[in-house]
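Spelled out from the first residue to the last, the chains are:
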Amino acid sequence: MNREQTKNIIETTGLSKRYGSTWALRDCALAIPAGHVAALVGPNGAGKTTLLNLAVGLAAPTAGTVTVLGGRPAGTLAALDGIGFVAQDTPLYKNLSAGDMVHLTRNLNRRFDSAYAQARLDDLGIPLKRKAGKLSGGQQAQLALTLALARRPQLLVLDEPMAMLDPVARHDFMASVMTAMAADGVSVVLSSHVLAELERVADYLILMSRGRVQVAGEVDGLLASHCVLTGPAAEADGYAERLRVVHAGRGEAQAHLLVRTDGTADPVPPGWEAHPVGLEELVLAYLREPGAAALPGPTLPGPASARQEVVK
């Protein structure tokens, strides 16, 4: 691993953002290492878009700090030069052609590879003369991604880029992202609700709820440090008091406890069975029980969190 890959692509300390009287983020402490496809997940209103907007310089924090690419202050020219960003709904000028979008983006950026952009659009079969508004949803997403990649970024930030795409277009979009990562060493932070897609590509997870980070770490490590216990429902309450239970489900006869183990001890009580947990199952468990057995992972220590509940 080279020195660039050892840096944190996004790092926050005590990061907070308030809109009027509502806190979108509160005391967010996070360190995302380079060289990953990092999935940012959480319910609507969790603060995901706010965090990404702060990281790419589209908003200023109310308190705390956010740096990117190994310590560059977010929003500075040094930071912006190294980031490609595709916002929600892949915003494009619908009345401009794909070629005009390439020309415009070239003129608005200090670094932009027009030849790469045109060649990539040609490979994708996207006509340069066709207006962006006349392209399919998948083609519009690919055009927005092309404009971001042509900036030759070190960090690619994607905020719900696949929300309106059909399964084939989603697959093609993510294949393009993974190709760019493999070819150019781009680090990726991807916000999405499509858990099945994230499970296929992500190797790092950040789960947010109510403006705070609930889980952060490499996917393999997180899965290894959790399991599902199944056993008699009548015994569930007694074991739940001693185990770090993230989410509990039970029927009349059998209970299912998703527990955090950290891989340091055998958590299986007598008469119970342990089963491995998948990424989608883990994410859903934390979303159903925000704050339960919260796993900080490799995040940075921040100031003591205020007890105010975040609703945006």
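To be clear, the structure that these remarks concern was listed above.
Note that the structure is predicted; figures quoted are calculated from it, not measured.

A separate point is the pairing of strand E11 (residues 226–232). For a regular strand, the rule is simple: side chains alternate between the two faces of the sheet. With respect to burial, E11 is a largely interior element, six of its seven residues being buried. Pairing geometry for E11 and strand E13 (residues 254–260), over seven bridges, is antiparallel. In the sheet register, Leu229 faces E13, and the bridge partner there is Leu257. Judged from the three bridges that link them, E11 and strand E14 (residues 273–275) form a sheet pairing that is antiparallel. Paired with Thr230 across the strands is Glu273, a residue of E14.

Strand order in this open sheet of four strands is E12-E13-E11-E14, and the pairing throughout is antiparallel. The sheet terminates laterally at strand E12 (244–250) and E14, the two strands that pair on one side only. With strand direction ignored, the average angle separating the axes of adjacent strands in the sheet is 25°. Each of E11, E12 and E13 touches helix H10 (residues 279–288); the most contacted strand, E12, lies at about 90° to it.

With that settled, consider unusual backbone geometry. The residue Glu160 is not glycine, and still its phi comes out positive at about 50°. For Arg210, which is not a glycine, the phi torsion comes out positive at approximately 55°. For Arg210, the location among the structural elements is in the loop between strand E9 (204–209) and strand E10 (212–218). The exposure class of Arg210 is partly exposed, given its relative accessible area of 42%.

Our next topic: the pattern of salt bridges. Evaluated as defined, the whole model comprises four salt bridges. In this structure, Asp81 engages Arg110 in a salt bridge whose closest nitrogen and oxygen atoms are separated by 2.3 Å. You can see Asp81 sitting in the loop between helix H2 (77–80) and strand E6 (83–86) and its partner Arg110 sitting in the loop between helix H3 (98–108) and helix H4 (114–123), a full 29 residues away along the chain. With a shortest N-O distance of 2.8 Å, Arg250 and Asp237 are connected by a salt bridge. Residue Arg250 is found in strand E12, and its partner Asp237 is found in helix H9 (residues 236–240); the two are separated by 13 residues along the sequence. Since its relative accessible area comes to 43%, Arg250 is described here as partly exposed. Exposure remark for Asp237: the relative accessible area of 46% places this residue in the partly exposed category. Taken together, the shared-partner salt bridges connect Asp113, Arg152 and Asp184 into one network.

Turning to its location among the elements, Ala98 is positioned in helix H3. Ala98 sits in the buried class, given a relative accessible area of 0%. For the pair Ala98 and Ala132, spaced 34 residues apart in sequence, the C-alpha separation works out to 5.7 Å. Beyond its immediate stretch of four places on either side in the chain, Ala98 contacts Leu121, Ile126, Pro127, Leu128, Arg130 and Leu143.

Along the polypeptide, Ser191 turns up in strand E8 (residues 187–191). Setting aside chain neighbours within four positions, we find Ser191 in contact with Leu40, Lys48, Leu52, Leu158, Asp159, Glu160 and Pro161.

Our focus in this paragraph is the nonpolar core. Membership of the largest hydrophobic core comes to 53 residues, with the highest contact counts inside it found for Val41, Leu143, Leu156, Leu158, Phe173, Val177 and Leu205. Per-element accounting of this core gives the leading share, seven residues, to helix H5 (residues 137–149). Each residue touching Leu158, except ones within four places of it in the same chain, is listed here: Leu52, Val86, Leu145, Phe173, Val177, Val188, Val189, Leu190 and Ser191.

What follows covers H10. Buried within H10 we find Leu279, Leu282, Val283, Ala285 and Tyr286. Taken around the axis of H10, the buried residues stretch over an arc of 160°, which confines them to a single face.

Inspection of the secondary structure assignment puts Ala163 in the loop between strand E7 (155–159) and helix H6 (167–184). On the basis of relative accessible area, Ala163 is assigned to the partly exposed category, the value being 46%. On a C-alpha basis, the gap between Ala163 and Asp89 in space is 7.4 Å, while along the polypeptide they are 74 residues apart.

Next up on the list: the pairing of strand E3 (residues 37–41). Counting buried positions over the five residues of E3 gives five, a clear majority of the element. Side chains of E3 alternate between two faces, with Val37, Ala39 and Val41 and Ala38 and Leu40 buried alike. The pairing of E3 with E8 spans four bridges and is parallel. Its bridge partner lying in E8, Val37 is registered against Val188. Of the strand pairs in this sheet, E3 and E9 are connected by four bridges, and their pairing is parallel. Directly across from Leu40, in E9, lies its bridge partner Ile206.

Parameters and conventions
- Residues numbered from 1 in each chain as written.
- Predicted model: local features only at pLDDT ≥ 70, side-chain atom pairs only at ≥ 80, totals over all residues.
- Heavy atoms only, no water.
- Buried < 20%, exposed > 50% of the residue type's maximum accessible area, 1.4 Å probe, protein only.
- Helix = DSSP H or I, 4+ residues; strand = E, 2+ residues; numbered from the N terminus.
- Pairing = 2+ DSSP bridges.
- Axes fitted to C-alpha atoms, helices over the stretch in contact; angles between N-to-C directions.
- Contact = heavy atoms within 4.5 Å.
- Salt bridge = Lys/Arg side-chain N within 4 Å of Asp/Glu carboxyl O.
- Core = buried A, V, L, I, M, F, W, Y, C linked by side-chain atoms within 4.5 Å.
- Arc of directions from axis to C-beta.

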